[in-house]
Amino acid sequence: MKLKITKDLFLRALSQVSSAVERRHTLPILSNLKLEVTSTHLTLTASDLEVELVAVVPLPEGACLEAGATTLSARKLMDICKSLPNAALIDLQSADDRRCQLKSGNSRFMLGSLPAEDFPLLSGGSSDSLNSGTRLQVDQRALKRLLDKTAFAMAVQDVRFYLTGMLFEASESQLRTVTTDGHRLAMFETPAVLEGSQSVQAIVPRKGVLELQRLLGTEESQLSIFVGREFLSVTLTQQNKPQDGQQTVDIEIRFTTKLIDGKFPDYRRVIPKNGDKVMQVALDEFKQTLQRVAILSNEKLRGVFLQLNDHNMQMRANNAEQDEAVEDLLIRYQGAPLEMSFNAQYLLDIINVIEGATLQMTLSDANASALVQDPAENGAVYVVMPMRV
């Protein structure tokens, strides 16, 4: 394998895939990247056996001096490339079966390598091929928004492993994501085109969701999502931002994640439907008040009390040190007087993903879950359980 490539392009491709590398892994080869060079493309692959990222970089004529493949340490490659001058040209070639030489200017690095054929591909050998699943088309910006609006409610650690991921549910012309940690629930939907009439569900693990969030941009371009029995994959194109005078290069990114094998709870049963008390409040004012009052809440429970009356909300918090915070807030409220207690952080997480100027809460009684919505956003639904004090 012999390759000549600019530092700018090589580093951009490395940065797209290296986050999938698991540094502390029982398989040493998984701390490496797989590099494959052909006459037209450089392909970089990283995997931790849960998430796989592939970057395909078009090569200019003459960049490939000899086709081949190897695997090299992801961390060392990144550190070396970052240390080189901005306009550096990298010359990479296999020295023998166990080593690879990287040259740039007056610098020489000899890196240990492992055989490319030993690198485990996430979907390699699986019956879950690209012909045995469902495809759907969705706008890239819409998909990023979908993840951003719901990712916060995933469980971090839970014996109910299916709660540590995000449910993707596609039916007819909609793609919906749902997350819950047992104390709150987030749901959002966006238009999508499903190839075929049969609806599909898949639970994407937490790391897969976070990686996909990082990769997605705000461009209005169509993406193809493939949902198989064991894997979900997304293919997108990212434009390299070259230095002055260099040609723009589009890098193809292929993201694949293993799915969680489990049954997601019936989230429709959790969404309150019979609330007879509706409260609306200015979002920014509510957020600032909540942040101030929560300062004196119990550091572990983070509980705040909301006392609702006609046109007024009294928010208060206290703790074991006898501290107390109280603040009144002007609201629009329909219903009988009510007092409830919520985890302040759960409410702030919802507030941070609402884009409108108003927050709406639909309530029934002090022990029932609250339905939180943005009146200007039809596709978003949030549910928060009250605290029992």
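Details of the structure are given in the entry above.
Each residue is numbered by its place in its chain's sequence as written, counting from 1. Since the coordinates come from a predicted model, pLDDT governs what is reported: local features require at least 70, and pairs of side-chain atoms require 80 or more to be given and counted, while whole-chain, interface and lining totals use all residues. The basis for every side-chain value is the complete set of non-hydrogen atoms in the structure, without hydrogens or water.

**Student:** Help me understand the sheet that holds strand E13 (residues 184–191) in this model?
**Tutor:** The pairing of strands in a sheet comes from backbone hydrogen bonds and takes either a parallel or an antiparallel form. Overall, antiparallel pairing links the 9 strands, which are arranged E15-E11-E12-E13-E27-E26-E25-E19-E23 in an open sheet. Among the strands making up the open sheet, the edge pair consists of strand E15 (200–205) and strand E23 (332–334). Along the sheet, successive strands turn relative to each other by an average axial angle of 15°, direction set aside. Note on contacts: a residue pair qualifies if any of its non-hydrogen atoms lie within 4.5 Å across the two residues. As a rule, the C-alpha atoms of each element are fitted with a line to give its axis, helices using only the stretch in contact, and angles between N-to-C directions run from 0 to 180 degrees. Numbering of helices and strands starts at the N terminus; helices are DSSP runs of H or I of at least 4 residues and strands are runs of E of at least 2. Its contacts with the sheet place helix H4 (residues 206–215) against strand E11 (165–171) and E15, and it is angled at close to 90° to E15. Note on pairing: DSSP must find at least two bridges between two strands before they are called paired.

**Student:** How should I be thinking about the pattern of salt bridges in this particular structure?
**Tutor:** Two side chains with opposite charge may pair up if their charged atoms get near one another. In the sections that follow, a salt bridge refers to a side-chain nitrogen of Lys or Arg positioned within 4 Å of a carboxyl oxygen of Asp or Glu. A full pass over the atoms with the stated rule returns 21 salt bridges. Ionic pairing is found between Lys-149 and Glu-355, a salt bridge with its closest N-O pair at 3.5 Å. Remark: Glu-355 occurs in the loop between helix H6 (344–351) and strand E25 (358–363) and Lys-149 occurs in helix H3 (residues 140–150); sequence separation between them is 206 residues. Any residue under 20% of the maximum accessible area for its type is buried, any over 50% is exposed, and the rest in between are partly exposed; the area is computed with a 1.4 Å probe on protein chains only. Accessibility expressed as a relative area gives 4% for Lys-149, which makes it buried. Owing to a relative accessible area of 54%, Glu-355 belongs among the exposed residues under this scheme. Glu-189 is the salt-bridge partner of Arg-176, the closest N and O atoms lying 2.8 Å from each other. Highlighted residues: Arg-176 in strand E12 (residues 174–180) and Glu-189 in strand E13, separated in sequence by 13 residues. Overall, the relative accessible area of 14% leaves Arg-176 in the buried class. Residues joined in a network through salt bridges with shared partners are Arg-145, Lys-149, Glu-355 and Glu-377.

**Student:** What is the right way to look at the side chain of Asp-91 in this model?
**Tutor:** Structurally, Asp-91 can be placed in strand E7 (residues 89–94). A positive count includes Lys and Arg, and a negative count includes Asp and Glu. His and the chain ends are not counted in either. Buried Asp-91, no salt bridge; nearest opposite-charge side chain is Lys-103, N-O distance 4.4 Å. Those residues in contact with Asp-91 that lie beyond four places of it in its chain are Leu-3, Lys-4, Gln-101, Leu-102 and Lys-103.

**Student:** Help me understand the sheet that holds strand E22 (residues 324–330), please; the structure alone is not making it clear to me.
**Tutor:** The antiparallel open sheet is built from 4 strands, whose spatial order is E22-E21-E20-E24. Strands with a single pairing partner mark the edges of an open sheet, and in this sheet they are E22 and strand E24 (338–343). Here the strands of the sheet are splayed against their neighbours by 20° on average, with no regard to which way each runs. Here 5 bridges tie strand E20 (residues 303–309) to strand E21 (residues 312–318), and the two strands are oriented antiparallel to one another. Its bridge partner lying in E21, Leu-308 is registered against Met-313. Strands in contact with H6 are E20 and E24; relative to E24, the strand with the most contacts, it is inclined by about 85°.

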